[in-house]
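Examining the three-dimensional arrangement
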Amino acid sequence: MEQHGEATFLDLGGLGEQERVLREQAHRIAVDVLRPAARALDRMAPAERIATGSPLFGALTTLKQLGYHRIFLTPEAGGPPERVSALAQSVVLEELGWGSLGLATAFLVDMLPVMGIANFGSDELKDELMVPWVDDESGAYHGCWAITEPDHGSDFLSLRDDDAPTFGRAQLVAEPAEGGWNLRGQKSAWVSSGPIATHAAVHAQAGRDGDLYHSLFCVVDLADPGVRRGPPADMLGVRDDPQGELFFDGVFVPDRNVLVPPGPLYPAFGDQLLCLTSSVLANVAVGVARAAFEEALGHARARTQGGGPLTGHKNIQLTLYSMFEKVESARTYARAVLAHTNAHLPGAGPDATGASPRHARAAQVLAKRVAYEVAHDAVQVHGAQGLHRDALVEKLFRDARCLIIEDGTLEVLALDAARDLVANYEHDVYDLEEMLSRE
Ligand SMILES: Cc1cc2nc3c(=O)[nH]c(=O)nc-3n(C[C@H](O)[C@H](O)[C@H](O)COP(=O)(O)OP(=O)(O)OC[C@H]3O[C@@H](n4cnc5c(N)ncnc54)[C@H](O)[C@@H]3O)c2cc1C
């Protein structure tokens, strides 16, 4: 056990030197850069947040300069010569979430096109786009992930082959063209970083063979003719990452930008990609929860009511204990599942039999629910002060509320996990010890 400022970390996963150094550095960046930028962005009008000179760009560039995007990549994709451990990745993700859910989200969606190219892209696309993107430290490249549409939200994230008949026509369709595809239609107003991204990883329904269900996954340069953006959405929370619509008015996507040609989105590719995003977001959610817990503890120690500090009251003690218990359990599970997912994703090595959808979803559901519950309790511990816009817990509560919809609602993620466990659970081999001892 070791002390770290206000926080105490139980070193369950056996942090080594690499993880300790990264954690100290990432925490400093979260304190000095992410939180101040996030709080400023939270109060700005949507258009100001993406204007030149916005603190958004400085914060994202700092993360690039630190090379945090590279620690999630294999050496072949431009990551460090030795693969960074899942534990180290988890430590960084938690600190990013602690600093700002919005900036952490922007950081993650930035990686989507790169991850897509690294796993599925042609050598040509790797040289042309992935290499300069991974090398970039100036913020010249920024990615987003355009999945949901105005009429297809949960439908897109939980789609399985047997849902195809109910999905209907997508609002973004790819039409075959000479040497590539033409994209027509739009994505929803919730595309994270849509208003600032240079490139998007895009899912579009492909019309080839008259089967409109089949999904094409491609990378689109958002400077291409025919791309339009909607204004940044004015949301309740996660205001530190702008969200907005993307419109495609006959945008030509050359074949070399196609990552996965038209075919069923699930299970071969979509399931596994969502395992990765679920495992990653779970660790970010733990950071949000820990931030709320630490705010509540700090306030309860400092505030006097009933003749003594709030921490002297049993109800506050129990609330703080319950928050602590939730954060610690969610962290342990999120870390274990990230390690397991990294080790089992297709392409991860000889053991790579596929990550486990039910465990990845469970990690995301648990950590997001914990973040929301802990942020809710943190406001209660603050009393009226927790409702004031100057209180960090007020922002954390709004962010945590958005988090239980971001990247799939809790209910839809849980239903997705249920579908997998009902069909596939035997004697579950994914026991925690095996997951923790991976790598
Ligand atoms: C902060 C944030 C960031 C986001 N970032 C992105 C992004 O980068 N890219 C992107 O493409 N999208 C993004 N989204 C969109 C997000 O993925 C969707 O909002 C989410 O999947 C839910 O879809 P929806 O909002 O259309 O709600 P709906 O799908 O309309 O759901 C409404 C309600 O019905 C329930 N429901 C829906 N379908 C079912 C079902 N089959 N069974 C049971 N209950 C159901 C849901 O649980 C929910 O309570 C983001 C959203 C947020 C809030």
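Residues numbered from 1 in each chain as written. Predicted model: local features only at pLDDT ≥ 70, side-chain atom pairs only at ≥ 80, totals over all residues. Heavy atoms only, no water.

**Re the environment of A400**
Mapping A400 onto the fold places it in helix α12 (residues 392-403). A residue is classified by how much of its surface remains accessible, and A400, at 0% relative accessible area, is buried. As for A400 and V374, which are separated by 26 residues in sequence, their C-alpha atoms are 9.0 Å apart. Ignoring anything within four residues of it in the chain, the contact list for A400 reads V288, A371, Y372 and A375. (Helix = DSSP H or I, 4+ residues; strand = E, 2+ residues; numbered from the N terminus. Buried < 20%, exposed > 50% of the residue type's maximum accessible area, 1.4 Å probe, protein only. Contact = heavy atoms within 4.5 Å.)

**Remarks on the pairing of strand β6 (residues 199-206)**
Of all eight residues in β6, eight are buried; the element is thus mostly enclosed. Neither face of β6 is exposed, since H199, A201, H203 and Q205 on one face and A200, V202, A204 and A206 on the opposite face are all buried. Summarising the sheet, strand β3 (residues 143-146) and β6 pair through four bridges and their orientation is parallel. Bridge pairing in β6 places W145 opposite A201. The pairing of strand β4 (residues 172-177) with β6 spans two bridges and is classified as parallel. Residue V173 lies in a different strand from β6, and its bridge partner there is Q205. (Pairing = 2+ DSSP bridges.)

**Details of helix α9 (residues 270-302)**
For α9, spanning 33 residues, the distance from its first C-alpha to its last is 48 Å, which sits close to the expected 48 Å at 1.5 Å a residue. Of all 33 residues making up α9, 29 are buried, and the element is well covered by its neighbours. (Expected span 1.5 Å × (residues − 1).)

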